[in-house]
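Results of the structural survey
Residues per chain, in single letters:
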Amino acid sequence: MPKRSLRTTFVLPVLSLWRREVVRFVRQRSRLVGALATPIVFWVLIGSGLRNSFRLTGAEATGESMDYLEYAFPGTMAMIVLFTAIFATISIIEDRREGFLQAVIAAPVRRSAIVCGKVLGSATLAVVQALLFLLLAPLTGVPLTVGSFAAVLGVLVIVAIGLSALGFLIAWPMDSTQGFHAIMNLVLLPMWMLSGAFFPASGASNWLAWIMAINPLTYGVAALRQAVYLDAGGGAGAALPSFQMALTVSVGFAVLMVALSAKVVSSKG
Amino acid sequence: MPDDPAVQTTALTHRYGERLALDHVDLKAKRGSILALLGPNGGGKTTLFKILTTLLVPSEGTASVAGFDVRRDRDAVRGSVGIVFQKPSLDDKLSVIENMQNQGNLYGMSGKGLRSRSMELLERFGLGDRAGDRVATLSGGLQRRVELAKGLLHRPDVLILDEPSTGLDPGARAGLMDYLQELRDRDGVTSLLTTHLMDEADRCDQVAILDEGRLIATGTPASLKGTIGGDVLTVRCDDPVLLSQKASDRFDVSTKVLDGAVRIERDRGHEFVPDLIEAFPGEINSVTVGRPTLDDVFLHLTGHRLWDNGTDDDS
């Protein structure tokens, strides 16, 4: 047993657990379909269906017009991130049930390494898939430049870490995946729907706009939307929180979720 | 602190809510010995296993492994103990060598040293040519061997195994005991294993018998068997209850009815057989004389058999 240091009790375990998430994902093709195809189908069907009924409030005033497929584009990226985070964090329940987790818990690693390995693994998968989707951007008229691509990448990393850690926090105490599905339908999906991904807060009724204002994902989607239009300008359409505000809330949310996850894992030994 | 016991517990007690799973257990395993924790399922073995591997914090009392306290020095315990879980702990989507490397990384090992140590162990367990195979393609017995190799990877001073022979055929089971003895003799590794198989316990240096959360006896297999006076006679007859009564009235022996037969513990059992048959002519169908086994010791101490419940859920 080597001497205990930050490298042996945190860095090595995190890298190892992180790599494991990616390797497992690559070996399970069905997960790729679930996490990437579902949002695309969603986006195409709903986007095309609502295309003619949708008109952004205030759009006439500014003379801007926006296709619904284009409007829903950043939100669909958020959905891909959310779906992947859900699938990847459900695996902690399987790890526990199948026995892999017991060996990790009994190993001389910092408890935060267990969180970081899983969350970074999940976030990696989410970001890569969202970037694949981003390649479709030119088809919809979403302007993409090197600068906006880099900005989107940065925001995706932040949002993916936050949502993965949220998933971890929910999945850690659970002993069955059924429970997770209930939470997913009751909390995570509404969280996405009320994030401005689907419709802007400006068109929503008062109470809904309130929920959207306190939903952390609203800020993630707002940051993504503004990152996409970083160089082109405009595109944001309806009133959004400022880019800076959206980034600050998203980073804060991610930090909070990771910290809470680490706390929950430590408290159980 | 090489003279510290490898494993020591003092008044170790654990409760799950109201239920007392461990009741003031005082246990000691010498360095470089093999200790079997023998007992029925539900007797407290797995609770003790979880405490010694830091997966469970005990309610009361103390426990130390390799000289480190399981409460205060949890990370030091984790670093010095090798664990073989009863429930599989491998990732079956990964190959054998990938599992070994992940395990090594969790224990702070990396690079060439990790790779050569992994291959050395896999070769030792006859898995050298399966290193690149996914764990899911291995038979249950081979997976158990990977579990064992994984537990030994970081050269632990103390090896703790939970029902290690689960899923092993008798040949592989004997091979496991040979290997634990080799580790003990060559590297001074202490092994502590839980088992409900008396023949397995028989091959250990020390046996600690655990029943209903209490440690009811410890000693070498021979000394434990020596606590039973001489031989064990099993008398088959048509009315065991009646015969048991009559035999204990007539001779000064303790008798017991078990599985439809009368069981008598008696020194120089073979000399007692003619007396018994002459005393109850025509009533006895057969008499078997045997040396006491650990199962007899368990029965003698607890009044019930090791295998009574036969269920697999331990806690």
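Residues numbered from 1 in each chain as written. Chains lettered and ligands numbered in written order. Predicted model: local features only at pLDDT ≥ 70, side-chain atom pairs only at ≥ 80, totals over all residues. Heavy atoms only, no water.

**A closer look at the overall build of chain A**
Basically, it comes down to this: A run of DSSP states H or I qualifies as a helix once it reaches four residues; a run of E qualifies as a strand once it reaches two. Both are numbered from the N-terminal end. A radius of gyration in this sense is built from C-alpha atoms; the matching globule rule multiplies 2.2 Å by the number of residues raised to 0.38. Each residue's exposure class comes from its accessible area (1.4 Å probe, protein chains only) as a fraction of the maximum for that residue type: buried when under 20%, exposed when over 50%, partly exposed otherwise. Contacts are assigned to residue pairs with any non-hydrogen atoms lying within 4.5 Å of each other. Here the accessible surface of atoms and residues is derived via Shrake-Rupley with a 1.4 Å probe, and residues count as covered only by protein chains that are part of the display. In this charge count, Lys and Arg are treated as positive and Asp and Glu as negative; neither His nor the chain ends contribute. The location of each charge is read from NZ of Lys, CZ of Arg, CG of Asp or CD of Glu.
Each helix and strand in chain A was counted, giving twelve helices and zero strands. Relative to a compact globule of 269 residues, whose C-alpha radius of gyration would be 18 Å, chain A shows 19 Å and is just as compact. Taken along its principal axes, the extent of the C-alpha atoms in chain A is 70 × 35 × 35 Å. Buried positions account for 52% of the 269 residues belonging to chain A. Nonlocal contacts in chain A, meaning residues at least 24 apart in sequence, comprise 79% of its contacts between residues at least 6 apart. With the model as given, the accessible surface of chain A reaches about 11,500 Å², and the carbon-plus-sulfur share is 69%. Side chains of chain A give 19 positive and 10 negative charges; the mean places of these two sets differ by 17 Å.

**Here's the deal with a nonpolar patch on the surface**
Residue and element names in this part refer to chain A. Heads up, the rule is: Nonpolar side chains (Val, Leu, Ile, Met, Phe, Trp, Tyr) are joined into patches within 5 Å and like charges within 9 Å, using only residues with over 30% relative accessible area and no salt bridge. Any carboxyl oxygen of Asp or Glu that lies within 4 Å of a side-chain nitrogen of Lys or Arg is treated as forming a salt bridge with it.
A surface patch of nonpolar side chains, amounting to about 250 Å² of accessible area, comprises L6, V11 and L15. Along the chain, L15 falls in helix α1 (residues 6-27). Judged by its relative accessible area of 46%, L15 is partly exposed.

**Thoughts on the nonpolar core**
Cut-off, in case you're wondering: The definition of a nonpolar core used throughout is a set of buried Ala, Val, Leu, Ile, Met, Phe, Trp, Tyr and Cys residues joined through side-chain atoms within 4.5 Å.
Judged by nonpolar contacts, the single largest core of 77 residues is most densely connected at A:M77, A:L156, A:L163 and A:F180. Take this core: its biggest share by element is 17 residues, from helix α4 (residues 68-98) of chain A. If we skip the residues at most four places from it in the chain, A:F180 touches A:I86, A:T89, A:I90, A:I93, A:G167, A:I170, A:A171, A:M174 and A:L188. The next biggest cluster of nonpolar side chains, apart from the first, holds 45 residues, and it includes B:V135, B:A149, B:L168 and B:I209.

**Points about the side chain of A:R24**
Structurally, A:R24 can be placed in helix α1. Residue class for A:R24 comes out buried when judged on its relative accessible area of 3%. Setting aside its immediate chain neighbours within four residues, A:R24 contacts A:R31, A:E94, B:D91 and B:K93.

**Observations regarding the domain arrangement of chain B**
To keep things clear, this is the line we draw: The domain limits used here are those given by an automatic or database domain assignment.
Domain assignment breaks chain B into domain 1 (7-225) and domain 2 (229-291). The gap between the C-alpha centroids of domain 1 of chain B and domain 2 of chain B is 41 Å.

**Describing the interface of chain A and chain B**
Note: interface size is frequently given as the accessible area lost on complex formation between the parts. The condition that has to hold: Summed over both partners, the accessible area (1.4 Å probe) lost when two parts come together is defined as the buried area. As used in this structure description, the phrase polar contact means that two N or O atoms lie within 3.5 Å; if the pair is within protein, one of them must be able to donate a hydrogen and the other to accept it, and residues adjacent in sequence are counted only when both atoms belong to side chains. Ten residues, namely Ala, Val, Leu, Ile, Met, Phe, Trp, Tyr, Cys and Pro, are considered nonpolar, four, namely Asp, Glu, Lys and Arg, are considered charged, and the remaining ones, Gly among them, are considered polar.
Each partner contributes residues to the interface: chain A has 30 residues there, and chain B has 29 residues. Between chain A and chain B, a total of about 2,600 Å² is buried, with carbon and sulfur atoms accounting for 53% of that surface. At the surface where chain A touches chain B, the tally comes to three salt bridges. Between B:E98 and A:R27 there is a salt bridge; the shortest N-O distance is 3.0 Å. For the pair chain A and chain B, the interface holds twelve residue pairs in polar contact (both at pLDDT 80 or more). No other element matches the eleven residues that α1(A) contributes to the side of chain A that touches chain B. Partitioning the side of chain A that touches chain B into residue classes produces 14 nonpolar, six polar and ten charged.

**Observations regarding the packing of aromatic side chains**
All names here are of chain A. Heads up, the condition is: Only rings of Phe, Tyr and Trp enter the pairing, Trp through its six-membered ring, and a pair is recorded when the two centres are within 6.5 Å. The plane angle decides the type: under 30 degrees is stacked, over 60 is edge-to-face, the rest tilted. Comment: the charge-over-ring label is applied if NZ (Lys) or CZ (Arg) is within 6 Å of the ring centre and within 35 degrees of the ring normal.
Overall, the coordinates contain eleven aromatic pairs over all chains when judged by the stated rule. A ring pair is formed by Y68 and Y71, whose centres lie 5.9 Å apart and whose planes are at 25 degrees; its orientation type is stacked. Residue Y68 and its partner Y71 are both found in helix α4; the two are separated by three residues, about one turn of the helix. As far as burial versus exposure is concerned, Y68 and Y71 are alike and both buried. Between W192 and F198, the aromatic rings sit 5.6 Å apart at their centres with planes inclined by 45 degrees, giving tilted as the arrangement. Classification of W192 by relative accessible area gives buried; the value is 4%. Assessed through its relative accessible area of 22%, F198 is described here as partly exposed. Connected via pairs of aromatic rings, a cluster forms that spans F42, W192, F198 and F199. R20 extends its terminal NZ or CZ atom over the ring of F100, reaching a point 3.7 Å from the ring centre.

**Considering the sheet that holds strand β8 (residues 190-195) of chain B**
Residue and element names in this part refer to chain B. Our working definition: In this scheme, strands are said to pair when DSSP sees at least two bridges between them. An axis is simply a line fitted to the C-alpha atoms; with a helix, the fit covers only the stretch in contact. Between two such axes, the angle follows the N-to-C directions and lies from 0 to 180 degrees.
Here six strands make up an open sheet; going across it, the order is β6-β7-β8-β3-β9-β10 and the pairing mixed. Lying at the two open borders of the sheet, with one neighbouring strand each, are β6 (81-84) and β10 (214-219). The sheet shows a mean angle of 15 degrees between the axes of neighbouring strands, taken without regard to direction. As judged from the five bridges shared by strand β7 (residues 158-162) and β8, these two strands associate in the parallel manner. Bridge pairing links I160 to L192 in β8. Of the strands in this sheet, β6 and β7 are in contact with helix α5 (residues 140-152), which crosses β6 at around 170 degrees. Of the strands in this sheet, β3 (34-38), β9 (206-211) and β10 touch helix α11 (residues 294-302), which is tilted by about 40 degrees from β9.

**A few points about the sheet that holds strand β14 (residues 284-290) of chain B**
All names here are of chain B. Spatial ordering of the open sheet is given by β12-β13-β11-β14, a layout of four strands whose pairing is antiparallel. In this open sheet, the two strands that pair with only one neighbour each are β12 (255-258) and β14. Here the strands of the sheet are splayed against their neighbours by 25 degrees on average, with no regard to which way each runs. Here six bridges tie strand β11 (residues 231-237) to strand β13 (residues 261-266), and the two strands are oriented antiparallel to one another. Counterpart to L233 in the pairing with β13 is I264.

**Describing the pairing of β7(B)**
All names here are of chain B. The cut-off we apply is this: Look down the strands so they point away from you; if the path from the first strand over the helix to the second goes clockwise, the crossover is right-handed.
With five of its five residues buried, β7 lies for the most part within the structure. Every second residue of β7 is oriented toward a common face, with V158, I160 and D162 on one face and L159 and L161 on the other, all of them buried. As paired elements, β6 and β7 share four bridges and run parallel to each other. The partner of V84 across the bridge, within β7, is L161. Chirality of the crossover, the property in question, places the unit of β7, helix α6 (residues 170-187) and β8 among those that are right-handed.

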